[in-house]
Amino acid sequence: MGENDKLDIRKLLKSVVAYKASDLHLVSGSEPQIRIDGKLVPLNLPTLDGKMIEEMCYGIITDKQKKSFEEEGELDFALMVPGVGRFRANYYNTLGEIAAAFRIIPLSVPTLEDINAPDVFKSIIKREKGLILVTGPTGSGKSTTLAAMLNEINENERKHILTIEDPVEFVHENKKSLFSHREVGQDTKSFARALKYALREDPDVILIGEMRDKETIAAALTAAETGHLVLGTLHTNSAYQTVNRIIDVFSGDEQPQVRAMLSTSLVAVISQALIPKIGGGRVATFEILINNPAIANLIRENKTHQIYSQMQLNQQHTGMQTQTQILVKLLKNNMITKEDAIRFSNRPDELKTLIQSL
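Cut-offs and rules
Residues numbered from 1 in each chain as written. Predicted model: local features only at pLDDT ≥ 70, side-chain atom pairs only at ≥ 80, totals over all residues. Heavy atoms only, no water. Helix = DSSP H or I, 4+ residues; strand = E, 2+ residues; numbered from the N terminus. Buried < 20%, exposed > 50% of the residue type's maximum accessible area, 1.4 Å probe, protein only. Contact = heavy atoms within 4.5 Å. Salt bridge = Lys/Arg side-chain N within 4 Å of Asp/Glu carboxyl O. Core = buried A, V, L, I, M, F, W, Y, C linked by side-chain atoms within 4.5 Å. Pairing = 2+ DSSP bridges. Axes fitted to C-alpha atoms, helices over the stretch in contact; angles between N-to-C directions.

**Q** It is not clear to me how the environment of Val 269 should be interpreted in this structure. Could you clarify?
**A** Structurally, Val 269 can be placed in strand S12 (residues 266-276). Residue classification places Val 269 among the buried positions, given a relative accessible area of 1%. For the pair formed by Val 269 and Lys 332, sequence separation is 63 residues and the distance between their alpha carbons is 26 Å. Setting aside anything within four residues of it in sequence, one finds Val 269 in contact with Leu 133, Thr 135, Ala 239, Thr 242, Glu 287, Ile 288 and Leu 289.

**Q** Explain the pattern of salt bridges here, please?
**A** Charged atoms that come close allow side chains of opposite charge to pair. If you walk through the whole model with that rule in mind, you get 15 salt bridges. Residue Lys 67 is joined to Glu 71 by a salt bridge in which the shortest nitrogen-to-oxygen separation is 2.9 Å. Here Lys 67 and its partner Glu 71 are both found in helix H3 (residues 63-72), four residues apart, which amounts to about one turn of the helix. Under the relative-accessibility criterion, Lys 67 is labelled exposed at 52%. A relative accessible area of 54% means that Glu 71 is categorised as exposed. In this structure, the salt-bridge partner of Glu 201 is Arg 182, at a minimum N-O distance of 3.8 Å. On the criterion of sequence distance, the pair formed by Glu 201 in the loop between helix H6 (191-198) and strand S10 (205-208) and Arg 182 in strand S9 (residues 178-183) is long-range, its members being 19 residues apart. Arg 182 sits in the buried class, given a relative accessible area of 19%.

**Q** Which parts of the structure should I look at to understand the nonpolar core?
**A** One recurring pattern in soluble globular proteins: nonpolar side chains tend to sit buried together. By size, the foremost hydrophobic cluster in this structure holds 63 residues, and its most contacted members are Phe 121, Ile 124, Ile 132, Met 149, Leu 231, Leu 262 and Leu 289. Those residues in contact with Met 149 that lie beyond four places of it in its chain are Leu 112, Phe 121, Ile 124, Ile 125, Ile 132, Val 134, Leu 231 and Ile 270. Leu 43, Tyr 58, Tyr 91 and Phe 102 belong to the second-largest nonpolar core, a separate cluster that totals 27 residues.

**Q** Can you help me understand the sheet that holds strand S5 (residues 85-94) in this one?
**A** Within a beta sheet, neighbouring strands are joined by backbone hydrogen bonds and run either parallel or antiparallel to one another. Overall, antiparallel pairing links the six strands, which are arranged S3-S2-S1-S6-S5-S4 in an open sheet. Looking at the sheet topology across the chains shown, the edges are occupied by strand S3 (39-42) and strand S4 (74-81). Across the sheet, the mean angle separating the axes of adjacent strands is 25° when strand polarity is ignored. The pairing of strand S2 (residues 33-36) with S3 spans four bridges and is classified as antiparallel. For Ile 34, the partnering residue across the bridge sits in S3 and is Val 41. Its contacts with the sheet put helix H2 (residues 50-58) on strand S1 (23-26), S5 and strand S6 (97-105), and the angle it makes with S6 is roughly 45°.

**Q** Any chance you could explain the pairing of S2 here in plain terms?
**A** One face of the sheet, then the other: side chains in a regular strand alternate in exactly this way. By the bridge criterion, three bridges tie S1 to S2 in an arrangement that is antiparallel. Paired with Leu 24 across the strands is Ile 34, a residue of S2. Once S1 ends, the chain turns through six residues before running back antiparallel as S2, passing Gly 29 with a positive phi of about 90°.

Okay, here's the thing in structure tokens:
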């Protein structure tokens, strides 16, 4: 492994930072590609083959990571490149050859002001216990929103904040709060296992990087019920769909109890998307569902299909908003195109009807 090979990956990761891109992709048969404002852009470099990628990728991991990748066929890890930045990396195989994806993690932790978060975010993060879910497709800024929420607690309250992630993304400095970052695979074997023991670690706030399975979701609900503020993510596209997803993970006879737990412990669901702005950059849209007696009742009584219409009532008092409303506002302000609004909408038919009247 020569020094030049290591330098190559460093140069490529430097270009991600230089172009203000979010990701770098190394796949055999293509030149390196980076993602700028959501779109892939090839770098003007030679086409890669599997051997070149393997040399570059193996040069920045440990023997233990190499062994894990060769056994599992996948590898997730966080990478700190001095003078360049921090990255979330994933190695995988495609047609028998190694490929890699790197996502940049900003070194500075964002504030709620940085992400233009609605005011209601500050009030929900003050809660002593309950479940706050941030949802959306991959690359929609969920990690950034959660980091900004934790930063808000860190700046204002003396709490023990436990994060369970795969891998750890934002590394917070202790301001008023105390952080324990735990990485799945390195510090603990699984999300569910870490959560099982979490309650013995005396946390006030628990961040779960991904609520992937029934065991993790059940543990999150229990933690939220027993006096902890739990923040988690799911890959759902709308707020009310998230409620259904959690309930549907459980079998039919377990669902009434889960609905009852969720109706009391849910604080809020924030469903977000990042939409290309006219003239470059991207803008975040936040669909916000805040639990209140009416919403809790619908969850308990298995009437989740009525949640969406409930979200549209008395919004100036509830702090709720639908994605459609935000998209219409962005269109009126000429910030996004109609095509993009419809493409990213979770209710395109509703949006099209409203657009016609603009």
